[in-house]
Amino acid sequence: MFTALAAKHGHYCPMSTLGLRIGWAAWRKLQAGSCKLTYLTRTCAIDGIQLVLNHEPLQIDEQGRHLLRVTDAGRCRQIELRPETLNLAASYQQLTGSDEAEKLLKELRYADEDRLLKIEKVEALQ
């Protein structure tokens, strides 16, 4: 799926990679039937989220937060990148070698989900 993401997105990067991770977490939380998906910032992560959840429409509500809101059947879950995850992703731009960059991308691909993401149930928003 990471190869498909690079083809869709045009390159490998931390935020699109994290978008896949967010998408996978959301996919496991989806119930049968329709749901509403809203991401709270316009970023490379959108391509990863859409690749995993291609059958679901994704709305953007620009609030500057790396957070996906999944609402279905009156339930709402939020999947948000942890501040440490954002710092790790931002460090990618400082890396000088391709080996270092690949090592960071691999870490983001395979790190424990709980380390990267904060997933919580919240009251459904109207």
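Residues numbered from 1 in each chain as written. Predicted model: local features only at pLDDT ≥ 70, side-chain atom pairs only at ≥ 80, totals over all residues. Heavy atoms only, no water.

Focus: the packing of helix α2 (residues 14-29) against helix α3 (residues 45-52)
Then comes step 1: Viewed as axis vectors pointing N to C, α2 and α3 meet at an angle of 35°, and their least axial separation amounts to 6 Å. Crossing handedness for the pair α2 and α3: right-handed. Here Met15, Ser16, Gly19, Leu20, Ile22, Gly23, Trp24 and Trp27 of α2 come into contact with α3, specifically with Ala45, Gly48, Ile49, Leu51 and Val52.
Then comes step 2: The class makeup of the residues in the contact of α2 with α3 is nine nonpolar, four polar and no charged. (Axes fitted to C-alpha atoms, helices over the stretch in contact; angles between N-to-C directions. Helix = DSSP H or I, 4+ residues; strand = E, 2+ residues; numbered from the N terminus. Left-handed = near helix turned anticlockwise from the far one by under 90°. Contact = heavy atoms within 4.5 Å. Nonpolar A, V, L, I, M, F, W, Y, C, P; charged D, E, K, R; others polar.)

A closer look at the sheet that holds strand β2 (residues 58-60)
Then comes step 1: Pairing is mixed in the open sheet, where five strands are placed in the order β2-β1-β3-β4-β5. Either end of the sheet is taken by a strand with one partner, and the two such strands are β2 and β5 (117-122). Going across the sheet, the axis of each strand differs from the next one's by a mean of 20°, ignoring polarity.
Then comes step 2: With six bridges joining them, strand β4 (residues 75-81) and β5 adopt antiparallel strand pairing. Each bridged residue has a counterpart across the sheet, and for Glu80 the counterpart in β5 is Lys118.
Then comes step 3: Strands in contact with α2 are β1 (36-39), β3 (67-72), β4 and β5; relative to β4, the strand with the most contacts, it is inclined by about 155°.
Then comes step 4: Taken strand by strand, α3 contacts β1, β2 and β3, and its axis lies near 160° from that of β2. (Pairing = 2+ DSSP bridges.)

What about the packing of aromatic side chains?
Then comes step 1: In total, this model carries two aromatic pairs according to the counting rule given.
Then comes step 2: For the ring pair Phe2 and Trp24, a centre distance of 5.6 Å and an interplane angle of 85° mean the geometry is edge-to-face. Of the two residues, Phe2 sits in helix α1 (residues 2-9) while Trp24 sits in helix α2, which places them 22 residues apart along the sequence.
Then comes step 3: With relative accessibility at 25%, the residue Trp24 sits in the partly exposed group.
Then comes step 4: Note on Phe2 and Tyr110: the rings are 6.4 Å apart at their centroids and 65° apart in plane angle, and the pair reads as edge-to-face. Of this pair, Phe2 sits in helix α1 while Tyr110 sits in helix α5 (residues 98-110); the two residues are 108 residues apart in sequence, bridging distant segments of the chain.
Then comes step 5: Three or more aromatic residues joined by ring pairs make a cluster, and in this case those are Phe2, Trp24 and Tyr110.
Then comes step 6: Sitting over the face of the ring of Phe2, Arg109 holds its NZ or CZ atom 5.2 Å from the ring centroid.
Then comes step 7: Its end group placed over the ring of Tyr12, Arg109 keeps NZ or CZ at 5.2 Å from the ring centre. (Phe/Tyr/Trp six-rings, centres within 6.5 Å; stacked < 30°, edge-to-face > 60°. Buried < 20%, exposed > 50% of the residue type's maximum accessible area, 1.4 Å probe, protein only. Lys NZ or Arg CZ within 6 Å of the ring centre and 35° of its normal.)

Considering the nonpolar core
Then comes step 1: Membership of the largest hydrophobic core comes to 29 residues, with the highest contact counts inside it found for Ile22, Leu37, Tyr39 and Leu68.
Then comes step 2: Contributions of two or more residues to this core are made by α1, α2, β1, α3, β3, β4, α4 (83-90) and α5.
Then comes step 3: The element that contributes the greatest number of residues to this core is α2, accounting for six residues.
Then comes step 4: The contact partners of Leu68, leaving out residues within four places of it in the chain, are Ile22, Ala26, Leu37, Thr38, Tyr39, Ile49, Leu58, Arg77, Gln78 and Ile79. (Core = buried A, V, L, I, M, F, W, Y, C linked by side-chain atoms within 4.5 Å.)

Distances and angles like these do not, on their own, reveal function.
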